[in-house]
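So you can see what is in the structure, the chains are spelled out below.
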Amino acid sequence: MAGSTFGTLFKITTWGESHGAGVGVVVDGCPAGLSLCEDDIQKFLNRRKPGQSRYTTPRKEIDAVEILSGVFEGKTTGTPISMLVRNQNQRSKDYSEIASYYRPGHADLTFDLKYGFRDYRGGGRSSGRETIGRVAAGAIACKILDQLGIKILTYTKSIGDITADPACFDRSVIMENPFYMPDADAAKKAGEFLEECMKNEDSSGGSIECVIQNMPAGIGEPVFEKLSANLGKAILSIGAVKAFEIGDGTAVAHALGHTNNDQYTRDPDGKIIKLTNHSGGILGGISDGSDIFLRVSVKPTPSISREQSTITKDGGSRQISVKGRHDPVIVPRAVVVVESMAAITLVDMLMCSITSNMTNLERFFRK
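Counting from 1, residues in each chain are numbered in the order their sequence is written. Totals for whole chains, interfaces and linings use every residue, but because this is a predicted model, local features are given only for residues with pLDDT of at least 70 and side-chain atom pairs only at 80 or more, for both listing and counting. Think of the side-chain values as coming from all heavy atoms in the structure, minus any hydrogens and water.

> Would you mind going over the pattern of salt bridges in detail, with residue names and values included?
Every case where a carboxyl oxygen of Asp or Glu lies within 4 Å of a side-chain nitrogen of Lys or Arg is listed as a salt bridge. Scanning all chains against the criterion turns up 20 salt bridges. Of the charged contacts, one joins Arg48 and Asp63 as a salt bridge, the two residues approaching to 3.3 Å between their closest N and O atoms. With Arg48 in the loop between α1 (38–45) and β4 (65–67) and Asp63 in the loop between α1 and β4, this residue pair connects regions lying 15 residues apart in the sequence. The two residues Arg48 and Asp63 agree in class, both being buried. Notably, a salt bridge pairs Lys189 with Asp185, separated by 3.3 Å at the nearest N-O pair. Taken together, the residues span about one helical turn, with Lys189 and Asp185 both in helix α4 (residues 184–199) at a distance of 4 residues. Relative accessibility under 20% of the residue-type maximum defines a buried residue, over 50% an exposed one, and the middle range a partly exposed one, all with a 1.4 Å probe and only protein chains included. The class for Asp185 is partly exposed, based on a relative accessible area of 44%. Several salt bridges share partner residues, and in doing so they unite Arg103, Asp108, Asp112, Arg118 and Lys313 into one network. Helix numbering and strand numbering both begin at the N terminus, where a helix is a DSSP run of H or I of at least 4 residues and a strand a DSSP run of E of at least 2.

Here it is in structure tokens:
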């Protein structure tokens, strides 16, 4: 299977299946000398692991990471960093029945059409459990960005029709509710809404926002390696993500030029700044030094108990109710996955941008 590697200089390869022995990632291109331990990775994995509230799958996995290579005496060595998370609570029997039919909203049919064979235990590589490797790699990328003064804030914007009110934005409550919402009242309403979904044997979608602060200007290329395009590729590669926006996103279709353009001025120190940020911090595929603003739409969990129509592998029709342990909403656990893929992309493109002009090369290599 091709397509499990992402990046150019800071490169990650994820591996493993939902109900195999384990899942993990190999990170290649991490600079030597970065302080790194398993606890740095575990903090990120804890944000996506199952069983943390009644609104996530009850599958009990501690998701404990093991660093197998690339770190010595608490520092990265510059060699590939291999990380493993062992699966400990597989219940493959929950999925044995689905070997004979295709679940609506899943990749069962497309895997069979492509490969002629599939791992039906929880979806195999198409399972959300694959994102463990992305998050482990993202933890390393975020450490690198942190040392460069670049910060990422990611949170749930909406669940169903419940949307966080910008006027009530409070970053201190993001980590204090099970939905990672920056609005405590909206989080309470989201819980009530999901209770109704669960009662009706259904699930919900939602949206995630990501704000990148202190990104230097000049990162990204003007044609095929645009920062915006690579961020889109990274985040749209997350299985449950169905749409991606930068800045005003789809709202630009209803805008006028004089309202959509970000006009320039100078701050008291003489620095060029924008009066607005409709572009979301990226112009011509290149970062402009202002905050980068991303928005992501996440589909409802496709595994629901409500009865649905499907077909069997031999062409018959049948009604199904998906059994097993499933999240009524994917969004909260996807927040850290979005953050991780954004961080991985930024680190990779920062590294690639070092060669964009002679000044950069002279700064590093001239003696």
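Having seen the model, we can carry on.
> Hey, could you go over helix α2 (residues 108–115) for me, with residue numbers and the actual values?
Every α-helix carries 3.6 residues per turn, so stepping three or four residues along brings you back to the same face. Of the positions making up α2, those classed as buried are Asp108, Phe111 and Asp112. Axial view of α2: buried residues confined to an arc of 95°, hence all on one face. For α2, exposure combined with an orientation more than 90 degrees from the buried face picks out Leu113 and Lys114. One or two steps after α2, the chain reaches Gly116, where phi turns positive at roughly 75°. Along the arc lie the directions from the helix axis toward the C-beta atoms.

> Give me the lowdown on the sheet that holds β4, citing residues and values where you can.
Where strands meet in a sheet, backbone hydrogen bonds hold them as pairs that are either parallel or antiparallel. Across the sheet, which stays open at both edges, the 5 strands sit in the order β1-β2-β3-β7-β4 with antiparallel pairing between neighbours. Of all the strands in the sheet, the pair left with one neighbour each is β1 (5–6) and β4. Any two strands are treated as partners once DSSP identifies two or more bridges connecting them. In this sheet, strand β7 (residues 81–86) lies alongside strand β3 (residues 22–28) in antiparallel orientation, the contact comprising 6 bridges. Each residue of the ladder has a partner; that of Val26, found in β7, is Ser82. Residue contacts follow a heavy-atom distance rule, with two residues in contact if any of their heavy atoms lie within 4.5 Å. Think of each axis as a best-fit line through the C-alpha atoms, taken over the contacting stretch in the case of a helix, with angles from 0 to 180 degrees between the N-to-C directions. Running at roughly 150° to β4, α1 makes contact with β4 and β7 of the sheet.

> Kindly report on the nonpolar core, identifying the contributing residues and their values.
Note that soluble globular proteins tend to have their nonpolar side chains buried in a common cluster. Buried Ala, Val, Leu, Ile, Met, Phe, Trp, Tyr and Cys residues form a nonpolar core when they are joined through side-chain atoms within 4.5 Å. If you look at the biggest cluster of nonpolar residues, it comprises 78 residues, and the most contacted ones within it are Phe10, Val27, Ile41, Met83, Ile140, Ile235 and Leu294. Considering every element that reaches this core, the biggest residue donor is helix α7 (residues 331–353), with 15 residues. Here Ile140 is in contact with Phe10, Val27, Cys30, Leu34, Leu36, Ile41, Ile81 and Met83, once residues within four sequence places are set aside.

> Could you give me a rundown of the environment of Ser18, with the residues and numbers involved?
Along the chain, Ser18 falls in the loop between β2 (11–16) and β3. The spatial distance from the C-alpha of Ser18 to the C-alpha of Met349 is 30 Å, given a sequence separation of 331 residues. Polar contacts here mean pairs of N or O atoms no more than 3.5 Å apart (in protein, one a potential hydrogen donor and the other a potential acceptor; neighbouring residues in sequence count only if both atoms are side-chain atoms). A distance of 3.4 Å separates a polar atom in the side chain of Ser18 from a polar atom in the side chain of Ser127.

> I'd like a description of the sheet that holds strand β8 (residues 151–159), backed by residues and values.
Strand order across the open sheet formed by 5 strands is β9-β8-β10-β16-β11, with antiparallel pairing between neighbours. Of all strands in the sheet, those with a lone pairing partner are β9 (162–163) and β11 (241–246), marking the two edges. Where strand β10 (residues 206–213) lies against strand β16 (residues 292–298), 7 bridges are found, and the strand directions are antiparallel. Pairing of Ser207 across the sheet is with Ser297, part of β16. α7 rests against β8, β10 and β16 of the sheet, and its axis sits at about 145° to β8.

All quantities given are derived from atomic positions and should not be read as evidence of function.
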